[in-house]
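Read off the chains here:
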Amino acid sequence: MRKHYLIEVAQNDQLIVFCPPTFLKDKELSRIAFGSRSIEVDFIPHPDQNDRISISREIQKALHFPNFNTPLHVFFDNHSLIIGPLVGIFTAGFTTIPAEPIGERTVFFSKLLSVNKIVGAFPFIFGEQHIDWEQGIIEGYLFHNDAWETVEVPFPNVIYDRLPNRKSESNPILIKVRDRLQKEYHIPWYNPGFFNKLDIHERLIQDETVAKFLPETLPFTSFSSIETMLSTHGHVYIKPKNGSLGLGVHQLIYDKYSDDYYCRYQDENGVNRLRKFSSLERLMSNVFSNQSLEKMVVQQGINLLRRESRTIDFRVHTNKDDLGNWHVSAIAAKIAGPGSVTTHTRSGGEIKTIEEISPLEESTLHKERLSDAALLLSNSLDRHVEGIIGEIGFDLGIDRNGDVWLFEANSKPGRTIFSHPGLKDFDLLTRKLSIAFAVFLTEQSLLHPEEIFT
């Protein structure tokens, strides 16, 4: 683990920084920086502490550094000592309620920000309305001592994109803010954009290291293409290209013995339905009469592992750490609800640990196969998708032969699996890593800016 240094504020107004003597052995330091703010100061070896940095009230005020005695990392750039990283978490959907500034997502954000001392970073939350472009400051939200506070901080070292949905992501005002912070202020921005199912499939299918994990997936073009896939695979899924939470997913099944077609889906009232039709044309005209099929993809059905006749798939989270390396940070099994087309909890699905669904030897094998696939897929997406990716949530399946299949990759994965008591430690790990990656990005932006901004 990289070393953290406690940042203390001394009750004086001198422009002097007391720092560990090792900082001054081979460096000529003349400035201290926090986020986008810096000030010229004198550096003096700390008389009795090697694990802390002491700044005055005057320096604190100039840097807009909140006085919370926070342990942080240090970075060196030319003659500057940079304390941080200052991590801006960009989102939308703010309220006027002090105790719930981000509405129903407030609890998640309070947990996310609570890893600051463990990670050695200074995360805060903000939206476009909190930026003062003229002064170069942001009125951000901090979670401190179990309460929300607003403080003025400089522009951050890096920005973590937590926009809640595709609607906010496509908002022209928010797009302009993102572009300006990236291009004018050269701030690394990670996890931008929601993935498009078909786009991701087309990128990954070109990569021979991961193509084997991909079920046949095509844009909807005609009934005949569905007919062909049904005759080959027995069942297919029709999904929205930009869907989430299992909404709008339909399973089509062809019974070659009776020559009947079945459609399993959840109707507008949230009821799981299974309907029978004598032809594919009748099925499509009845079930999809009010839907835009050109916005759909058709995906090969897989004969997955089952438990009590209910299909099982897996959510696998991967995160980059403070060295920029991918890790599998969580694995959970999801069991479909009775009669449900998906394993989502909103459709009656259940969350289990792998150990709960399989004997020890089998669960160990499942974990190895899922982890190996998730890391290969993470590295492939890293190579083939624009922008800086720091975390991914994969929906993976294992068929009856033990082969792994990718159904979806999510750039902003949901966190429903962490409601399971046996996954609490993984909940913490994913939050820690999502902020720790900002340490790596801050260092890279100083050492190798050409790799970050090109």
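Residues numbered from 1 in each chain as written. Predicted model: local features only at pLDDT ≥ 70, side-chain atom pairs only at ≥ 80, totals over all residues. Heavy atoms only, no water.

All right, on to the overall build of the protein then. Along its length, the protein carries 12 helices and 27 strands. Expressed along its principal axes, the backbone C-alpha trace of the protein runs to roughly 85 × 50 × 40 Å. When burial is assessed residue by residue, the protein has 54% of its 454 residues classed as buried. By sequence separation, contacts in the protein at least 24 residues apart represent 66% of the contacts at least 6 residues apart. For the protein, the exposed surface amounts to about 21000 Å²; the carbon and sulfur share of it is 48%. Here the protein carries 48 positive and 59 negative side-chain charges, and the mean point of each set is 4 Å from the other. (Helix = DSSP H or I, 4+ residues; strand = E, 2+ residues; numbered from the N terminus. Buried < 20%, exposed > 50% of the residue type's maximum accessible area, 1.4 Å probe, protein only. Contact = heavy atoms within 4.5 Å. Areas by Shrake-Rupley, 256 points an atom, 1.4 Å probe, with all protein chains shown as cover. Lys, Arg positive; Asp, Glu negative; His and termini not counted. Charge placed at Lys NZ, Arg CZ, Asp CG, Glu CD.)

Let us now look at the packing of aromatic side chains. Within this structure, the stated rule accounts for 20 aromatic pairs. Relative to F437, the ring of Y190 lies with its centre 5.2 Å away and its plane at 90 degrees, an arrangement referred to as edge-to-face. Placement of Y190 in strand β15 (residues 189-190) and of F437 in helix α11 (residues 424-447) is noted, with a sequence separation of 247 residues between them. The burial state of Y190 is the same as that of F437; both residues are buried. An aromatic cluster of at least three residues, connected via ring pairs, comprises F34, F65, F68 and F122. In this arrangement the basic side chain of K27 is found over the ring face of F76, its NZ or CZ atom lying 4.4 Å from the centre. (Phe/Tyr/Trp six-rings, centres within 6.5 Å; stacked < 30°, edge-to-face > 60°. Lys NZ or Arg CZ within 6 Å of the ring centre and 35° of its normal.)

Under the definition given, this model contains 26 salt bridges. Of the charged contacts in the structure, one is a salt bridge between E391 and R162, with a shortest N-O distance of 3.3 Å. With a gap of 229 residues between them, E391 in strand β26 (residues 391-398) and R162 in the loop between β14 (158-161) and α4 (166-169) connect regions that are remote in the sequence. Judged by its relative accessible area of 13%, R162 falls in the buried class. D395 is the partner of K334 in a salt bridge, and the nearest nitrogen-oxygen pair spans 3.2 Å. Of this pair, K334 sits in strand β24 (residues 326-335) while D395 sits in strand β26; the two residues are 61 residues apart in sequence, bridging distant segments of the chain. Salt bridges sharing common partners tie together D313, R315, K334 and D395. (Salt bridge = Lys/Arg side-chain N within 4 Å of Asp/Glu carboxyl O.)

What follows concerns the sheet that holds strand β17 (residues 235-240). The antiparallel open sheet is built from six strands, whose spatial order is β16-β21-β17-β18-β19-β20. Edge positions in the open sheet fall to β16 (217-219) and β20 (272-277), since each of these has one partner strand only. Averaged over neighbouring strand pairs, the angle between their axes works out to 20 degrees when direction is ignored. Pairing of β16 with strand β21 (residues 296-300), which is carried by three bridges, proceeds in the antiparallel orientation. Paired with T217 across the two strands is Q299, which belongs to β21. Sheet contacts for helix α6 (residues 197-204): β16, β17 and β21; angle to β16, the most-contacted strand, approximately 130 degrees. (Pairing = 2+ DSSP bridges. Axes fitted to C-alpha atoms, helices over the stretch in contact; angles between N-to-C directions.)

Before going further, it helps to spend a moment on the packing of α6 against helix α10 (residues 360-384). When two helices pack together, their arrangement is given by the angle between the helix axes and the distance between those axes. Packing of α6 against α10 leaves a shortest axis separation of 10 Å and a crossing angle of 95 degrees. Considering the angle they form, α6 stands roughly perpendicular to α10. From α6, I200, R203 and L204 reach across to α10, where they touch L377, S380, L381 and H384. (Parallel < 35°, antiparallel > 145°, perpendicular 65-115°, else oblique.)

Assignment of secondary structure puts D322 in the loop between β23 (310-320) and β24. Separated by 105 residues in sequence, D322 and T217 place their C-alpha atoms 35 Å apart. For D322, the contacting residues outside a window of four places in its chain are R2, A436, V439 and F440.

Let us now look at unusual backbone geometry. The general pattern is negative phi for most residues beyond glycine and trans for most peptide bonds. Here G84 and P85 are connected by a cis peptide whose omega angle stands at 5 degrees. Inspection of the secondary structure assignment puts P85 in the loop between β8 (80-84) and β9 (86-90). Positioned with a positive phi, N191 is a non-glycine residue whose angle comes to about 65 degrees. Positive phi values are uncommon outside glycine, yet E308 reaches one of about 55 degrees.

Right, let's get into empty space enclosed by the protein. Enumeration over the complete set of coordinates arrives at one cavity of 30 Å³ or more. Considering only enclosed or pocket space, the largest cavity measures out at about 30 Å³ in volume. What lines the largest cavity is A10, N12, Q14, I16, F18, S54, I55 and S56. For the lining of the largest cavity, the secondary-structure elements that each account for two or more residues are β2 (16-19) and β6 (52-56). Top contributing element to the lining of the largest cavity by residue count: β6, with three residues. Here the residues of the lining of the largest cavity are counted per class, giving four nonpolar, four polar and no charged. (1 Å grid on protein atoms, 1.4 Å probe; cavity = no way out; pocket = protein on both sides within 12 Å on 5 of 7 lines; lining within 4 Å. Points joined across faces, edges and corners; volume = space filled by probe spheres on them. Nonpolar A, V, L, I, M, F, W, Y, C, P; charged D, E, K, R; others polar.)

Counting through the fold element by element, A33 comes out in strand β3 (residues 31-34). Sequence separation between A33 and I59 is 26 residues, and the spatial gap between their C-alpha atoms is 9.7 Å. If sequence neighbours within four positions are ignored, A33 has contacts with S38, L63, L81, I82 and I83.

Let us now look at the nonpolar core. With 41 residues, the main nonpolar core has V17, I32, I53, I55, I83 and L181 as its most contacted residues. Look past the residues within four positions of I32 in its chain and what remains in contact with it is V17, R37, S38, I39, V41, F43, I55, I59, L63, L81 and I83. (Core = buried A, V, L, I, M, F, W, Y, C linked by side-chain atoms within 4.5 Å.)

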